[in-house]
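Coordinate inspection notes
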Amino acid sequence: MKSNIFKLTGLTIFIALLTYVLITYFNELNQAEEFNQFLSDAATISEIHNLNSENFRELLDFSEVSREKFESKVNKIRTNSQEAYQLLNSSNNEYTSKEKQLLEIAVNSWLDGVELFEVSITTLIDNPNSVNIEESIAQSIIDLSIGDKAYSEFLFLLRQNALIEGTFLPNFYQIEYIGIEDNSYQFADLLVDKAKKSTGGLFLQKNLAVSGTEFVPMPIAFTEDDVAVLLDEPVSLQVVISNEGNVDSYDVVVLILVTDEFEETVYESKNKISSIGPKESKIFLTDPINIEKGIQHEWFIKIEEIDDEEELSDNLLSIYAFIPPES
C-alpha cells in the first residue's frame, strides 16, 4: 500500500516537473520568437528612417529645391514615417522590453516632428509673413531631436545586451534627423531665414486652371446630367483661364477639341495667352461652329503643362451639349 502511494507521489511529482519544464521551454521559445520578430521589424524601421533622415537633411538645404520637389520629398518622408509607425504598433503587440519602449518613443517623435515640419514649412511658403511660425518649426525640431536621442539609447542598449547574451543582430543604422540641438528656436530662425532666401523657387507656386466656361449664345436649359441644351444656331464657347499661383505665367497654350458621340472631331483650336499674372484671369472666345442636331457633343479644354506646375488636375475640363432634334 505504502509502495503504491510512493509510486503515485513520485509520478505526480514527475508529471509536475515535466509540465513545468515544458511550459518554461515553450514560454522561452515564444519569447525568443517574439524577440526575433521585434528585431526584424526594428531593422526594417531602421532602414526606413535611415533613408528618411538622409532625404530630410537634403530638404534643410533649401538652395536647389522647387516647391513641387519639396512637397514631393517631404510627403514621401511623412508616408515612410507613418509606415514605420504602423509596423511597430500593429505587429508583435505582446512583446515588451526597454528596447521596444525606446524605439516607440523614437518612431512616435520622428513622425510627430516630420508631420509638424511639413505643415509649418508649407504654411511659411504660402504665407511668408506668418506670425510665430518659428515656434512651430522649433517644436518640430524638438520632436525630431527627441526621436534621435531615444533611438541612440535604443541602439546602445540593444547592442550592449546582445554583446552580453551573445545575440546576433541584423543591421541597424546610426540615425540622426537633427541631432541634439542646444537651441531649437535659434535653429528654427535660421531655417526660416534660409528658406526665405532660397533661390530654387521654394516660394514660387505655379498653377493654371480652367476656371470657367460659358456657351454663346446661352443654353436654353440643362439636363439632370448637366448637359447644355443649345439653340439651333452656330455656337461659341467662352473660356476663362486663371492663374492660381503667385508667379507670372507666359505663353500659356490652351487646346480645345470638340467631338461628337462617335468620337469624330468637329472642331479643334490652339490658343496662346501671352501672359497671366498671379490671381489674374484671361477670357477668350472660340470660333462659332455648327453641330449636328440630336447628337451630344463634348468640348474638351486642356491647358498645356508649364514647368514645375503644382496642380495639373484643373488643367483639364470637359463639358457637354446638344441641339434637340426637333429644333
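This section reports on the structure supplied with the text.

Basis of the calculations
Numbers given for residues are sequential positions, taken from 1 along each chain in its written order. Predicted model: local features are reported for residues with pLDDT of at least 70 only, side-chain atom pairs are reported and counted for 80 or more only, and whole-chain, interface and lining totals are derived from all residues. As a convention, hydrogens and water are excluded, and side-chain values are obtained from all of the structure's heavy atoms. Strands here are runs of E lasting at least two residues and helices are runs of H or I lasting at least four, both read from the DSSP assignment and numbered beginning at the N terminus. Residue burial is assigned from relative accessible area. The probe radius is 1.4 Å, only protein chains are included, and a residue is buried under 20% of its type maximum, exposed over 50%, and partly exposed in between. In what follows, residue pairs with any heavy atoms lying within 4.5 Å of each other are defined as contacts. Surface accessibility follows the Shrake-Rupley procedure with a 1.4 Å probe radius. Residue values consider only the protein chains on display as shielding. DSSP bridges decide pairing: two strands pair if at least two such bridges lie between them. Between the N-to-C directions of two axes lies an angle of 0 to 180 degrees, each axis being a line fitted to C-alpha atoms and, for a helix, fitted only over the stretch in contact. Polar contact is defined as a pair of N or O atoms within 3.5 Å, subject to the rule that within protein one atom must be able to donate a hydrogen and the other to accept it, and that residues adjacent in sequence are counted only when both atoms are side-chain atoms. Definition used in this section: a nonpolar core is a set of buried Ala, Val, Leu, Ile, Met, Phe, Trp, Tyr and Cys residues joined via side-chain atoms within 4.5 Å. Here, a salt bridge means any Lys or Arg side-chain nitrogen found within 4 Å of an Asp or Glu carboxyl oxygen.

1. Describing the overall build of the protein
Secondary structure assignment for the protein yields five helices and nine strands. In sequence order, the protein lays out its α and β elements as α-α-α-α-α-β-β-β-β-β-β-β-β-β. Taken across its 327 residues, the protein has 41% of its residues classed as buried. Expressed as a percentage of contacts within the protein between residues at least 6 apart in sequence, the contacts between residues at least 24 apart total 73%. By element, 52% of the accessible surface of the protein is carried by carbon and sulfur atoms, the whole surface being about 18600 Å².

2. Let's talk about the sheet that holds strand β3 (residues 228-229)
With mixed pairing, six strands are arranged side by side in an open sheet as β2-β3-β9-β8-β5-β6. Lying at the two open borders of the sheet, with one neighbouring strand each, are β2 (221-222) and β6 (265-276). Bridging between β3 and strand β9 (residues 316-322) involves two bridges; their strand directions are parallel. Bridge pairing in β9 places Val229 opposite Phe322.

3. Quick word on the sheet that holds strand β1 (residues 208-216)
Here we have three strands laid out as an open sheet, ordered β1-β4-β7, and antiparallel in their pairing. What marks the edges here is a single partner per strand, and that holds for β1 and β7 (281-285). Across the sheet, the mean angle separating the axes of adjacent strands is 20 degrees when strand polarity is ignored. Bridge count between strand β4 (residues 236-243) and β7: five bridges; the pairing is antiparallel. Among the inter-strand pairings, Val240 is bridged to a residue of β7, identified as Ile283.

4. Comments concerning the side chain of Ser97
Summarising the element assignment, Ser97 is placed in the loop between α2 (67-90) and α3 (98-126). The exposure class of Ser97 is buried, given its relative accessible area of 14%. Polar side-chain contacts of Ser97 include one of 3.1 Å to the backbone nitrogen of Lys100.

5. So, the nonpolar core
Judged by nonpolar contacts, the single largest core of 50 residues is most densely connected at Phe70, Leu103, Phe117, Tyr151, Phe154 and Phe172. Breaking this core down by element, the ones donating at least two residues are α1 (2-59), α2, α3, α4 (133-165) and α5 (184-196). No other element matches the 12 residues that α4 contributes to this core. If we skip the residues at most four places from it in the chain, Phe117 touches Phe56, Leu60, Phe62, Phe70, Val74, Ser140 and Leu191. Formed by 26 residues, the second largest nonpolar core is a distinct cluster that contains Leu230, Trp299, Ile306 and Ile323.

6. Considerations on the pattern of salt bridges
If charged atoms from side chains of opposite charge come close, those side chains can pair. Within the structure shown, the criterion is met by four salt bridges. We note a salt bridge from Glu153 to Lys149, for which the minimum N-O separation is 3.3 Å. Of this pair, Glu153 and Lys149 both sit in helix α4, four residues apart, roughly one helical turn. Looking at Glu153, the relative accessible area reads 35%, which means it is partly exposed. Overall, Lys149 belongs to the partly exposed group, its relative accessible area being 47%. For Asp232, the salt bridge identified is with Lys293, shortest N-O distance 3.7 Å. Here Asp232, found in the loop between β3 and β4, pairs with Lys293, found in the loop between β7 and β8 (297-303); they are 61 residues apart in sequence, far enough to count as distant. Exposure remark for Lys293: the relative accessible area of 33% places this residue in the partly exposed category.

7. Observations concerning the side chain of Ser236
By the element assignment, Ser236 lies in strand β4. A distance of 3.3 Å separates a polar side-chain atom of Ser236 from the backbone oxygen of Thr286. Setting aside residues no more than four positions away along its own chain, Ser236 makes contact with Glu214, Phe215, Val216, Leu285, Thr286, Asp287 and Pro288.

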